[in-house]
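As a plain string of letters, each chain reads:
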Amino acid sequence: MKRVLNWLSTPYYFDPSTKFKLKLSFAFGLFIFLFLFFFKPFGLTNFEEALLKYSLGMGLLDFLGTFLLLYISPLIFKDYFNEDNWTVGRNILLMAIGLLFVGIILWNFGEVYKKTYGFDKLTLLEFLSKTFLIGIIPLTFYVFINEKREREKREKRVFKIREINKKNEINISKEISINSDNEKEQITFKVDNLVYITS
């Protein structure tokens, strides 16, 4: 349990760029479309005539809902989304809130099709529970893989910086000798003992 809690408190890179938010939102929307269209869960096998429109609509709404959540939330809650305080746990909590937010939008969209095409009616709670079951496992897996990849990238950068610093390191002797202007006096001391020099 302690390992899980330590992992949840691990710093996590939250990419604030709009490009990243669009790519991530598109990936989630595409996943929803493909999942619904090809696996046909929740009794969708009985409604082939509406399957493409329904799946596309769900994917598009998932894309829009995810993008709005990722784009607007950091503007409103600036302190919460501070990059210096962002952790794996905060990211997973954001994803859980995102699943709830997008799930409510998708459920409302689904209600239109349920009435028109006679889909199996699910209550909001049933729909959200299935949404969480389908979504939270791949999202947590994504966070795990992404955190590991970002951490390894940062470690490689640190290693490169250390290598550059080693190459540029000035070789200083252990002792320094300073001669007076007339060369009659000399002072020698160890570099490690040096604290402050002034003229």
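Residues numbered from 1 in each chain as written. Predicted model: local features only at pLDDT ≥ 70, side-chain atom pairs only at ≥ 80, totals over all residues. Heavy atoms only, no water.

J.: If you had to explain the pattern of salt bridges to someone new, which residues and values would you point to?
T.: This structure, assessed with the given rule, holds three salt bridges. The shortest N-O distance in the salt bridge between lysine 40 and glutamate 48 comes to 3.9 Å. Assessed through its relative accessible area of 47%, glutamate 48 is described here as partly exposed. Between glutamate 147 and arginine 151 there is a salt bridge, with the nearest N and O atoms lying 3.0 Å from each other. Taken as a pair, glutamate 147 and arginine 151 lie in helix H5 (residues 124–168) at a separation of four residues, close to a single helical turn. For arginine 151, a relative accessible area of 32% translates into the label partly exposed. (Salt bridge = Lys/Arg side-chain N within 4 Å of Asp/Glu carboxyl O. Buried < 20%, exposed > 50% of the residue type's maximum accessible area, 1.4 Å probe, protein only. Helix = DSSP H or I, 4+ residues; strand = E, 2+ residues; numbered from the N terminus.)

J.: Any chance you could break down the pairing of strand S1 (residues 175–179) for me, citing the residues and the numbers?
T.: Looking at chain direction, S1 and strand S2 (residues 186–190) are connected through five bridges and run antiparallel. Residue pairing for S2: glutamate 175 is matched across the bridge by lysine 190. The antiparallel hairpin formed by S1 and S2 contains six residues in its connecting segment, where glutamate 183 sits at a positive phi of about 65°. (Pairing = 2+ DSSP bridges.)

J.: Explain the nonpolar core residue by residue, including any values.
T.: One finds Leu36, Leu44, Tyr54, Met58, Tyr113, Phe119 and Phe127 to be the most contacted residues of the largest nonpolar core, which totals 17 residues. At the level of elements, helix H2 (18–39), helix H3 (48–76) and helix H4 (88–117) are the ones that each hand at least two residues to this core. Broken down by element, the residue count for this core peaks at five residues, all from H4. If sequence neighbours within four positions are ignored, phenylalanine 127 has contacts with Met58, Gly103, Leu106, Trp107 and Leu122. The next biggest cluster of nonpolar side chains, apart from the first, holds 15 residues, and it includes Leu70, Trp86, Ile92 and Leu94. (Core = buried A, V, L, I, M, F, W, Y, C linked by side-chain atoms within 4.5 Å. Contact = heavy atoms within 4.5 Å.)

J.: Lay out the environment of lysine 121 in plain terms, naming residues and giving numbers.
T.: Its place among the elements puts lysine 121 in the loop between H4 and H5. As for lysine 121 and glycine 110, which are separated by 11 residues in sequence, their C-alpha atoms are 8.9 Å apart. Ignoring any residue separated from it by four or fewer positions in sequence, one finds lysine 121 in contact with Glu111, Lys114, Lys115 and Glu126.

J.: Can you explain unusual backbone geometry? Please cite residues and give values.
T.: The residue lysine 40 is not glycine, and still its phi comes out positive at about 50°. Within the fold, lysine 40 resides in the loop between H2 and H3.

J.: Go over a nonpolar patch on the surface, please, and point to the residues and values.
T.: Residues Leu68, Tyr71, Ile72, Leu75, Ile76, Phe77 and Phe101 make up a contiguous nonpolar surface patch of about 670 Å² in total accessible area. If one sorts the elements of the nonpolar patch by residue count, H3 sits on top with five residues. Within the element layout of this structure, leucine 68 appears in helix H3. With a relative accessible area of 42%, leucine 68 lands in the partly exposed category. (Patch = residues over 30% accessible without salt bridge, like charges linked within 9 Å, V, L, I, M, F, W, Y side chains within 5 Å. Areas by Shrake-Rupley, 256 points an atom, 1.4 Å probe, with all protein chains shown as cover.)

J.: Break down the side chain of lysine 21 for me, with residues and values.
T.: By the secondary structure assignment, lysine 21 is in helix H2. Within polar-contact distance, the side chain of lysine 21 engages the backbone oxygen of proline 16 at 3.5 Å. Here leucine 70 takes part through its backbone oxygen, which lies 3.2 Å from a polar atom of the side chain of lysine 21. Not counting the four nearest positions on each side in its chain, lysine 21 is found in contact with Phe14, Asp15, Pro16, Phe67, Leu70, Tyr71 and Pro74. (Polar contact = N/O pair within 3.5 Å; in protein donor to acceptor, adjacent residues only side chain to side chain.)

J.: Report on the environment of serine 25, specifying residues and quantitative values.
T.: With respect to the helices and strands, the residue serine 25 is situated in helix H2. Using a relative accessible area of 0% as the deciding quantity, one classes serine 25 as buried. Sequence-wise, serine 25 and glutamate 147 are 122 residues apart; in three dimensions their C-alpha atoms are separated by 18 Å. Discounting residues that sit within four places of it in the chain, serine 25 has contacts with Phe63, Thr66, Phe67 and Leu70. Among the polar contacts listed, one links the side chain of serine 25 to the backbone oxygen of lysine 21, at a separation of 2.7 Å.

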